[in-house]
Amino acid sequence: MSDVAAARAPGRERLFLVGCLILLGAGWGLTQPLAKIAVEAGYRHFGLVFWQMALSSVVLGVLTLSRGRGLRFGRGPVAIYLMIAVIGTILPNTASYQAMDHLPSGLMSVLLSLVPMVAFPVALALGNDQFSVTRVLGLMLGLGGVLLIVVPDAALPPGAAVAWVIVALVAPICYAFEGNLVAKFGLAGMDPVQALFGASVLGAVLAAPLAVGTGQFITPFQPYGLPEFAIIGSSVIHAAVYSMYVWMVGRAGPTFAVQVSYLVTGFGVMWAMVLLGERFSIFIWAALALMFAGIFLVQPKQSETEPARLQGADG
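The text that follows walks through the structure, step by step, so that each part is easy to find. (Residues numbered from 1 in each chain as written. Predicted model: local features only at pLDDT ≥ 70, side-chain atom pairs only at ≥ 80, totals over all residues. Heavy atoms only, no water.)

**Brief notes about the packing of helix H6 (residues 115-126) against helix H9 (residues 170-185)**
The geometry of H6 relative to H9 is characterised by a closest axis approach of 8 Å and an angle of 45° between their N-to-C directions. Between H6 and H9, the interaxial angle falls into the category oblique. Relative to H9, the crossing made by H6 is right-handed. Contacts between H6 and H9 involve Val115, Val118, Ala119, Val122, Ala123 and Leu126 on the former and, on the latter, Pro172, Ile173, Tyr175, Ala176, Phe177, Asn180, Leu181 and Lys184. Counted by class, the contact of H6 with H9 contains 12 nonpolar, 1 polar and 1 charged residues. (Axes fitted to C-alpha atoms, helices over the stretch in contact; angles between N-to-C directions. Helix = DSSP H or I, 4+ residues; strand = E, 2+ residues; numbered from the N terminus. Parallel < 35°, antiparallel > 145°, perpendicular 65-115°, else oblique. Left-handed = near helix turned anticlockwise from the far one by under 90°. Contact = heavy atoms within 4.5 Å. Nonpolar A, V, L, I, M, F, W, Y, C, P; charged D, E, K, R; others polar.)

Shown next, in the form of structure tokens:
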């Protein structure tokens, strides 16, 4: 179903699609506070990255194999696996987990909303898109939102340093490059779930020695409490909602599906307030408003839609 068809779908069908979109946003938004719970328990970035990719490999592997597909090998597929694993998960998640130790979960969700805005200049540089004054304005609104977070003294909570905001920005930058590189070079004949399965397997192989070598490996043979279940939940939810997002793009079109960007950020902030008791200054709320406006302006219109691309939402 195209985006135009989604807009003209019967009431019950459109209500179903909107419900799926809300479920997607709620699920993806929940991964941020779950990761925060794990980090606050003392688990470190390489250990968390390894288990996220290992558990995602299991979920995505079952889904891929149940569809009669499997891993593909060769220079092209392996290059795609490596790019997605490194740029789409290991680098952004390593930065996010470190920043999360110093910043509120809700603020991390706000900063992740920059992905579509950062993706626009990257798309211009790679020749994936054309210059647009409207989208430039959207980019400027996003930058204005970042300034509202880092400039006023009262914007960040006590103990949160501007330097960690900069570290947190590594994630949306990586996701923007990931999506544009996939759009530029494709997936070597694989579907997105199949490619993410291969990337998760390769990423787990790469992250394992980093986790063991730095003493950050998380043994599964231990008593399980809230932090451990948060790690499992975050990984399984990420794999599930990503697969659902791919289905949504095919069912309703990319323009309709990309609206999940608003919901992921909104639910991320809401979950942080409900589960972690976080509260935010007026500057953070103003930054969120600017970023939502920026997302609206940089989103492609129906006449400009292109095939779905991989983009991390929490990685």
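**Thoughts on the packing of H6 against helix H7 (residues 133-150)**
Between H6 and H7, the shortest axis-to-axis distance is 9 Å and the interhelical angle comes to 130°. When the axis of H6 is compared with that of H7, the two are oblique. For H6 against H7, the interelement crossing comes out left-handed. Across from Met117, Phe120 and Pro121 in H6, the residues of H7 making contact are Arg135, Val136, Gly138, Leu139 and Gly142.

**Remarks on the environment of Val115**
Mapped onto the elements, Val115 comes out in helix H6. A C-alpha to C-alpha distance of 9.3 Å links Val115 and Phe177, two positions 62 residues apart in sequence.

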